[in-house]
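Here is what each chain is made of, one letter per residue.
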Number of protein chains: 2
Amino acid sequence: MKKTALIMAGGRGERFWPKSRKNLPKQFLSLTDDGKTMIQLTVERISPMVELEDIYISTNKDYKQLVLEQLPGIPEENILCEPVGRNTAPCIGLGAMHIAKKYDDAVMMVLPSDHLIKYNKMFLGVLRDGCELAEKGENLVTIGITPDYPETGYGYIKFNPDDSDGHAYAVERFVEKPSLEVAKEYLETEEYLWNSGMFIWKVSTILADIRKFLPDTYEGLKKIQDAIGTEEQDVVLEKVFPEFESVSIDYGIMEKAENIYILPGTFGWDDVGSWLAVGRIRKSNENGNVVDGNIITINSRNNIIQGGRKLIATVGIEDLIIVDTEDATLICAKNSAADIKKVLENLKICNRDEYI
Amino acid sequence: MKKTALIMAGGRGERFWPKSRKNLPKQFLSLTDDGKTMIQLTVERISPMVELEDIYISTNKDYKQLVLEQLPGIPEENILCEPVGRNTAPCIGLGAMHIAKKYDDAVMMVLPSDHLIKYNKMFLGVLRDGCELAEKGENLVTIGITPDYPETGYGYIKFNPDDSDGHAYAVERFVEKPSLEVAKEYLETEEYLWNSGMFIWKVSTILADIRKFLPDTYEGLKKIQDAIGTEEQDVVLEKVFPEFESVSIDYGIMEKAENIYILPGTFGWDDVGSWLAVGRIRKSNENGNVVDGNIITINSRNNIIQGGRKLIATVGIEDLIIVDTEDATLICAKNSAADIKKVLENLKICNRDEYI
């Protein structure tokens, strides 16, 4: 069966400020040593399995130009621009309708555009297992990440260790971000995996489930599908899409559907959730500094320094994140990275939109 | 007797990098809340005692334009441009010759251009005492600062507490920068003051001493003096001045001469030796931050942040010096301020003159 992919690239992340901005979110930034952007890496990663013409990018129209520039091989009609954000269920439904318009049926992978994976071949192996399982029946397959530590910022998925085909496990339930105590319990049971937001299913399967669990959304999606390729395409999308209930695929479908399976992944996944991730994923020098740009460090250790042409000189500093852009410079203690959002709150309150 | 002043402004300080540069040293920077530059404050401070036309500025030709711009009231012919630096003895000799060309004799104050004084009226009182003592005889008067702590970066002056006219004390000797142990001993004796580099004497007195202790320099200075006001003035200066022995007034004259007196000063003197001084002399906000520019601070304490139009956002940082200029940004731990010179060394080694 034809393999297709929907890459979700509508995010407006704030955690990479000042490099990430409303008009340049994380998925369009390069945060790795190779200079490729997150979304370019995402496409490159699956290219051995999926033809470029079968890769769809879901984003919003503000980012269409960025997608065209960064992914010149993707056909323009595969760039699906949501008029407004309505969470992942309508987003995935829209992608599924486009694929269903093109093929009678197909396997559809749903992938975030802003995560990193270290071991691509292992990842492709998991995707292949997932495609096989999805093709075999009316199955919803999700990829779970074996937790390293009790992270409280991710959702978890409870599986049944006794119900497995050798690769995948039956899913019992999806759970929201837990407290630290609960997260620790999850790890001890060895029956919970992190929810990576990656899914595999047949287009026919997910559309049947949307029809069943979100019937109004399904009706709207059908209207949008009917208009694809006609002169009315954009008008219908602009009219119908904003009326959808804003609901996640996890809450709207996965928590209610049957035949849900999870494939555990141990392929070096990183959601690149903050500047601290750059310290993990990029090469550091002998002093533990990860530096990029025109930098002089004197007696400085374990810093993340992201500059450009401007000279940045550091003296006697430790454990700082320094990010310099044309119009703004961030200097943040590593253990305060979660508070970068307070800078953005401050900027919003003061209507200083030019920096957001 | 006419009161005149020579302000020494030839320094090329590196400690305020990246704001201070080879073409913009500390004396031409504003480091105080009032926005005035160090040299402007120096002139303003003595203006109740000395006419602008009797204030001479010793500098080098690279800075002549800066002096003209920052001190429009000073006559251009009072800006004495040394062709090369030859330390303070030739510098002061050149100033004395210019004043002697204008007046038969005069009291001459010698002042650094890059120190701050908090209590100007008290300072003027000390200067008046010094002028009186200088006028009274062939006396060399120096101003000493009552030490607060055993600083190892300053020279000290030993005085005789039993030989005083009520204001001034007889000087026994000048000593170089001491070790910490020696500096502590100096403080315990209560017979040592910091050498502020400020002097008061009659022009006739200092020229007689230069003739006595530095006869070759005196001969050269006479040739320069003869050419003042003629077409040959610049040519003679350019030819003769570079041949002078490079020697400080302390070593060349003060350590050898007689009739040396010191006036203790407690007028809130600060040599503004590093960015740390800015933390002392400028108003801090409720979090202990001294900020200037377009700054957002989140959970940040006791920092010195000097920016401009560019936004600087800090999160969770403490005890840092952050200085942003058009082409360079410094981020330095307060306790590493002395290492800023290592940045300059690095830039010199790499021939990156544009940043020096």
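This structure is a prediction, so every number in the text was calculated from the model and none was measured. (Residues numbered from 1 in each chain as written. Chains lettered and ligands numbered in written order. Predicted model: local features only at pLDDT ≥ 70, side-chain atom pairs only at ≥ 80, totals over all residues. Heavy atoms only, no water.)

Caption draft 1: Spatial organisation of the overall build of chain A. Helix and strand content of chain A: 11 helices and 15 strands. Its C-alpha radius of gyration of 21 Å places chain A within 12% of the 21 Å reference for a compact globule of 356 residues. Over its C-alpha atoms, taken along the principal directions, chain A stretches across nearly 60 × 50 × 40 Å. With 356 residues in all, chain A has 55% of them scored as buried. Considering only contacts in chain A between residues 6 or more positions apart, those separated by 24 or more positions represent 67%. (Helix = DSSP H or I, 4+ residues; strand = E, 2+ residues; numbered from the N terminus. Rg over C-alpha atoms; globule rule 2.2 N^0.38 Å. Buried < 20%, exposed > 50% of the residue type's maximum accessible area, 1.4 Å probe, protein only. Contact = heavy atoms within 4.5 Å.)

Caption draft 2: The arrangement of the side chain of Thr 37 of chain B in detail. All names here are of chain B. When you line up the elements, Thr 37 lands in the loop between β1 (3–8) and α1 (38–46). In terms of polar contacts, Thr 37 uses its side chain to reach the side chain of Gln 70, at 2.7 Å. Excluding anything up to four places from it in sequence, Thr 37 contacts Gln 27, Phe 28, Leu 29, Ser 30 and Gln 70. (Polar contact = N/O pair within 3.5 Å; in protein donor to acceptor, adjacent residues only side chain to side chain.)

Caption draft 3: Looking closely at unusual backbone geometry. Residue and element names in this part refer to chain A. Following Trp 17, the chain continues to Pro 18 via a peptide bond in cis, the omega torsion being 5°. By secondary structure assignment, the location of Pro 18 is in the loop between β1 (3–8) and α1 (38–46). In the Ramachandran plot, Asp 319 falls in the positive-phi region, its phi being about 55° despite a non-glycine side chain. Among the structural elements, Asp 319 can be located in the loop between β13 (304–315) and β14 (320–324). On the accessibility criterion, Asp 319 (36% relative accessible area) is partly exposed.

Caption draft 4: The arrangement of a negative patch on the surface in detail. Taken together, the side chains of Glu 132, Glu 135, Asp 162, Asp 163 and Asp 165 of chain A define an acidic patch exposed on the protein surface. Owing to a relative accessible area of 31%, Glu 135 of chain A belongs among the partly exposed residues under this scheme. (Patch = residues over 30% accessible without salt bridge, like charges linked within 9 Å, V, L, I, M, F, W, Y side chains within 5 Å. Areas by Shrake-Rupley, 256 points an atom, 1.4 Å probe, with all protein chains shown as cover. Salt bridge = Lys/Arg side-chain N within 4 Å of Asp/Glu carboxyl O. Lys, Arg positive; Asp, Glu negative; His and termini not counted. Charge placed at Lys NZ, Arg CZ, Asp CG, Glu CD.)

Caption draft 5: View of the interface of chain B and chain A. Taken together, the contact between chain B and chain A spans 35 residues of the former and 35 residues of the latter. Per-residue buried area on chain B facing chain A is highest for Lys 310, Val 315 and Ile 331 of chain B; these three make up 25% of the total on that side. In this assembly, chain B and chain A are joined by 2 salt bridges. For the pair chain B and chain A, the interface holds 22 residue pairs in polar contact (both at pLDDT 80 or more). If you list the elements that add at least two residues to the side of chain B that touches chain A, you get β12 (290–298), β13 (304–315), β14 (320–324), β15 (328–333) and α11 (340–349) of chain B. The greatest single-element share of the side of chain B that touches chain A, amounting to 7 residues, is contributed by β13 of chain B. (Buried area = accessible area lost by both parts, 1.4 Å probe.)

Caption draft 6: Highlighting the state of the cysteines. What the rule picks out here adds up to 0 disulfides over all chains. Note on Cys 332 of chain A: no disulfide assigned, nearest cysteine sulfur contributed by Cys 332 of chain B at a separation of 19 Å. Judged by its relative accessible area of 0%, Cys 332 of chain A is buried. You can see Cys 350 of chain B has no disulfide; the closest cysteine sulfur is in Cys 332 of chain B, sitting 19 Å from it. The partly exposed category is assigned to Cys 350 of chain B, whose relative accessible area is 44%. (Disulfide = S-S within 2.5 Å.)

Caption draft 7: Up close: the pairing of β14 of chain B. All names here are of chain B. Burial runs high along β14: 5 of the 5 residues are buried. Going residue by residue along β14, you find Leu 320, Ile 322 and Asp 324 tucked away on one face and Ile 321 and Val 323 tucked away on the opposite face as well. Pairing between β13 and β14: 3 bridges, direction parallel. Along β14, the bridge assignment pairs Ile 304 with Ile 321. Across 5 bridges, β14 lies against β15 in antiparallel orientation. (Pairing = 2+ DSSP bridges.)

Caption draft 8: Inspection of the confidence of the model for chain A at higher detail. Here chain A shows a mean pLDDT of 96. Residues at 70 or above account for 100%. Among the prediction metrics, the complex's ipTM stands at 0.87, with pTM recorded as 0.88. (pLDDT = per-residue confidence, 0-100.)

Caption draft 9: Layout of the relation of the copies chain B and chain A. The two copies are related by a screw operation: chain B maps onto chain A through 179° of rotation and 0.0 Å of translation along the axis, at an RMSD of 0.1 Å. Taken together, the rotation and translation relating the two chain copies correspond to the operation of a two-fold axis. Proximity to the rotation axis, assessed at the C-alpha, singles out Ile 331 of chain B in chain B; its C-alpha lies 4.3 Å from the axis. Most of the interface of chain B is mirrored in chain A: 100% of its interface residues are interface residues there too. (Least-squares fit on C-alpha atoms with pLDDT ≥ 70 in both.)

Caption draft 10: Seen up close, the pattern of salt bridges. What the rule picks out here adds up to 34 salt bridges over all chains. Close ionic contact of Lys 102 of chain B with Asp 54 of chain B constitutes a salt bridge, the shortest N to O distance being 3.2 Å. Here Asp 54 of chain B lies in the loop between α1 and β2 (55–60) and Lys 102 of chain B lies in helix α3 (residues 88–102), a separation of 48 residues in the sequence. Relative accessible area serves as the criterion here: at 37%, Lys 102 of chain B is assigned to the partly exposed category. We classify Asp 54 of chain B as buried; its relative accessible area is 0%. Its salt-bridge partner being Glu 238 of chain B, residue Lys 61 of chain B comes within 3.5 Å of it at the nearest N-O pair. Of this pair, Lys 61 of chain B sits in the loop between β2 and α2 (64–70) while Glu 238 of chain B sits in helix α8 (residues 233–240), placing them 177 residues apart in sequence. Three or more residues are tied together by salt bridges with common partners; here these are Lys 2, Asp 54 and Lys 102 of chain A.

Caption draft 11: Focus on the side chain of Thr 314 of chain B. Note on placement: Thr 314 of chain B falls in strand β13. Setting aside anything within four residues of it in sequence, one finds Thr 314 of chain B in contact with Ile 331 of chain A together with Ile 296, Thr 297, Ile 298, Ser 300, Ile 305 and Ile 322 of chain B.

Caption draft 12: Representation of the packing of α3 of chain B against helix α6 (residues 203–213) of chain B. All names here are of chain B. Between α3 and α6, the shortest axis-to-axis distance is 10 Å and the interhelical angle comes to 130°. Comparing the axis directions of α3 and α6 gives the class oblique. Note that α3 runs across α6; the crossing there is left-handed. Together, Ile 92, Gly 93, Ala 96, Met 97, Ile 99 and Ala 100 of α3 and Val 203, Ile 206, Leu 207 and Ile 210 of α6 make up the contact between the two elements. (Axes fitted to C-alpha atoms, helices over the stretch in contact; angles between N-to-C directions. Parallel < 35°, antiparallel > 145°, perpendicular 65-115°, else oblique. Left-handed = near helix turned anticlockwise from the far one by under 90°.)

Caption draft 13: Broad picture of the packing of aromatic side chains. Residue and element names in this part refer to chain A. Tallied over the entire structure, the rule returns 24 aromatic pairs over all chains. With a centroid separation of 5.0 Å and an interplanar angle of 75°, the aromatic rings of Phe 123 and Phe 267 are classed as edge-to-face. Residue Phe 123 is located in helix α4 (residues 120–136), and its partner Phe 267 is located in the loop between β10 (260–265) and β11 (269–270); the two are separated by 144 residues in the primary sequence. For Phe 123, a relative accessible area of 1% gives the class buried. (Phe/Tyr/Trp six-rings, centres within 6.5 Å; stacked < 30°, edge-to-face > 60°.)

Caption draft 14: Local environment of α3 of chain B. Residue and element names in this part refer to chain B. The end-to-end C-alpha separation of α3 is 21 Å, in line with the 21 Å expected for 15 residues at 1.5 Å each. Counting buried positions along α3 gives 11 out of 15 residues, so the element sits mostly inside the fold. Of all the residues in α3, the buried ones are Ala 89, Pro 90, Cys 91, Ile 92, Gly 93, Leu 94, Gly 95, Ala 96, Met 97, His 98 and Ile 99. (Expected span 1.5 Å × (residues − 1).)

Caption draft 15: How the structure looks around the environment of Thr 325 of chain A. Positionally, Thr 325 of chain A belongs in the loop between β14 and β15 (328–333). Judged by relative accessible area, which is 15%, Thr 325 of chain A ranks as buried. Counting along the chain gives 307 residues from Thr 325 of chain A to Pro 18 of chain A, while the straight-line C-alpha distance between them is 6.7 Å. The residues contacting Thr 325 of chain A, other than those within four sequence positions of it, are Pro 18, Lys 19 and Arg 21 of chain A together with Lys 310 of chain B. A distance of 3.3 Å separates polar atoms of two side chains, one belonging to Thr 325 of chain A and the other to Arg 21 of chain A.

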